[in-house]
Amino acid sequence: MRLREFAVDLETPLSTAKGDIERREGLLVAVDVAGETGVGEATPLPGWTESLADCRDALADLAEGDAVADANPESALEDGTLADAPAARHAVSLAVSDARARAADRPLAASLATDSHTSLPVNATLGDDGPEATVEAAETAVESGYDCLKLKVGARDPTDDVARLRAVREAVGPDVSLRADANAAWDRWTADRFLDSVEERDLDLDYLEQPLPADELDGHAVLRRLHDTPIALDESLAAVPPQRALASNAADVLVCKPMALGGPDRVRDLAARARDAGVDVVVTTTIDAVVARLGALHVAASLPGDRAHGLATASLLDSDLAVDPAPVREGRMRVPEAPGLGIDVSALFS
Ligand SMILES: O=C(O)CCC(=O)c1ccccc1C(=O)O
Ligand SMILES: [Mg+2]
């Protein structure tokens, strides 16, 4: 197993209710499995995953036990070694899946599901900003072909967030779908008030993502009963066993971050349970470099459903680890057709 550390800056910080994301640091992992080299990425994000230091330690421990890891890196996925390090587990799991798909000579998505999508709609991700800047960013996104926008809310008074959403709805018209992500900023009363005014003004939100703190499953379930606006859970899935979130009737949609859930295999397991419960799944990045974004794209493409995914985050970075084989065009991403992730490993480990 080989490791390579990396750091990439965001072009402009992504402003959320829980602070700005300015820089992403992580590790690339390469493993040899089934006669092929596969690559994975660990880009931890505290709040969703272990710290960078813990991630680095977990992967270094694995790489040092090289004899074991090389003989069977998959054992580390199942034996609990990486149980408390979802970003590290994500890197190893993605690298193993990439190698296996390359060995089968199929794109990763097609190796995971026979009826995988070849392209997917994605939402534009708009940070917290004043009303004019938010409208301008929304208009630019729609002009470039997006028909789904996700706005960060929760960093200002909810009345101001409603005004931002109203201005965006007026600017983009009724056919663009709008999502709002509060990143756990509100209490039940504030979320209730926000949803009342959104619904009074017919702003028609596709969903409200994580209005309440991560452990408040019952609170989200109450909001679902009181309002027509669908509720999505994100932070909750990293904080409580995802099965509990499903069992609590707390969500219409699960926002699945492969990095936070511990790998593409974990997303697929959870998506199957969600499907049985009639809950939709949207896959998003954690603002990752090209390897993890491609992993998220392939796993999203392997799932049924036609909701836009939160994968359009490459443009937030000011540099990357390699040329992106899946740029966003007209609000969609095409799944690379080359084997595995569709990226050249030698370009990443030179
Ligand atoms: O979903 C998207 O559009 C992009 C991903 C995103 O918003 C995000 C990125 C990093 C950390 C948290 C989040 C989030 O969904 O809250
Ligand atoms: Mg979110």
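A brief structural summary. (Residues numbered from 1 in each chain as written. Chains lettered and ligands numbered in written order. Predicted model: local features only at pLDDT ≥ 70, side-chain atom pairs only at ≥ 80, totals over all residues. Heavy atoms only, no water.)

## Regarding the coordination of the magnesium ion (ligand 2)
- For the magnesium ion (ligand 2), the protein coordination sphere consists of Asp181 (OD), Glu209 (OE) and Asp234 (OD), at 2.0 to 2.3 Å.
- Coordination of the magnesium ion (ligand 2) draws on donor residues from a single chain, spaced D-x27-E-x24-D in sequence. With Asp181 in strand 7 (residues 177-181) and Glu209 in strand 8 (residues 205-209), this pair connects stretches of sequence that are 28 residues apart.
- Overall, the relative accessible area of 0% leaves Asp181 in the buried class.
- Residue Glu209 is classed as buried on the basis of its relative accessible area, which comes to 1%. (Donors = N, O, S within 2.8 Å, 3.2 Å for Na, K, Ca; no water. Helix = DSSP H or I, 4+ residues; strand = E, 2+ residues; numbered from the N terminus. Buried < 20%, exposed > 50% of the residue type's maximum accessible area, 1.4 Å probe, protein only.)

## A short note on the sheet that holds strand 1 (residues 2-16)
- Across the sheet, which stays open at both edges, the three strands sit in the order 1-2-3 with antiparallel pairing between neighbours. Two strands in the sheet have a free side with no partner beyond their single neighbour: strand 1 and strand 3 (36-42). Adjacent strand axes in the sheet meet at a mean angle of 20 degrees when their direction is disregarded.
- Sitting on the sheet, helix 1 (residues 52-64) is in contact with strand 1, strand 2 (19-33) and strand 3, with an inclination near 5 degrees to strand 2. (Pairing = 2+ DSSP bridges. Axes fitted to C-alpha atoms, helices over the stretch in contact; angles between N-to-C directions. Contact = heavy atoms within 4.5 Å.)

## Let's talk about the packing of aromatic side chains
- Enumeration over the complete set of coordinates arrives at one aromatic pair.
- The ring of Phe349 carries Arg2 above its face, with NZ or CZ at 5.3 Å from the centroid. (Phe/Tyr/Trp six-rings, centres within 6.5 Å; stacked < 30°, edge-to-face > 60°. Lys NZ or Arg CZ within 6 Å of the ring centre and 35° of its normal.)

## Looking at the pattern of salt bridges
- Tallied over the full model, the rule gives 22 salt bridges.
- For Glu209, the salt bridge is made with Lys150, and the minimal N-O distance between the two is 3.1 Å. With Glu209 in strand 8 and Lys150 in strand 6 (residues 148-152), this pair connects stretches of sequence that are 59 residues apart.
- Its salt-bridge partner being Asp280, residue Arg307 comes within 2.6 Å of it at the nearest N-O pair. Highlighted residues: Arg307 in the loop between helix 14 (290-301) and strand 12 (328-329) and Asp280 in strand 11 (residues 280-283), separated in sequence by 27 residues.
- On the basis of relative accessible area, Asp280 is assigned to the partly exposed category, the value being 35%. (Salt bridge = Lys/Arg side-chain N within 4 Å of Asp/Glu carboxyl O.)

## Looking at unusual backbone geometry
- Positive phi, close to 65 degrees, is recorded for Ala184, a residue that is not glycine.
- Residue Ala184 is classed as buried on the basis of its relative accessible area of 11%.
- One non-glycine residue, Gln210, lies in positive phi territory at about 40 degrees.
- Tracing the chain through its elements places Gln210 in the loop between strand 8 and helix 9 (217-226).

What is shown is where atoms sit, not what they do.
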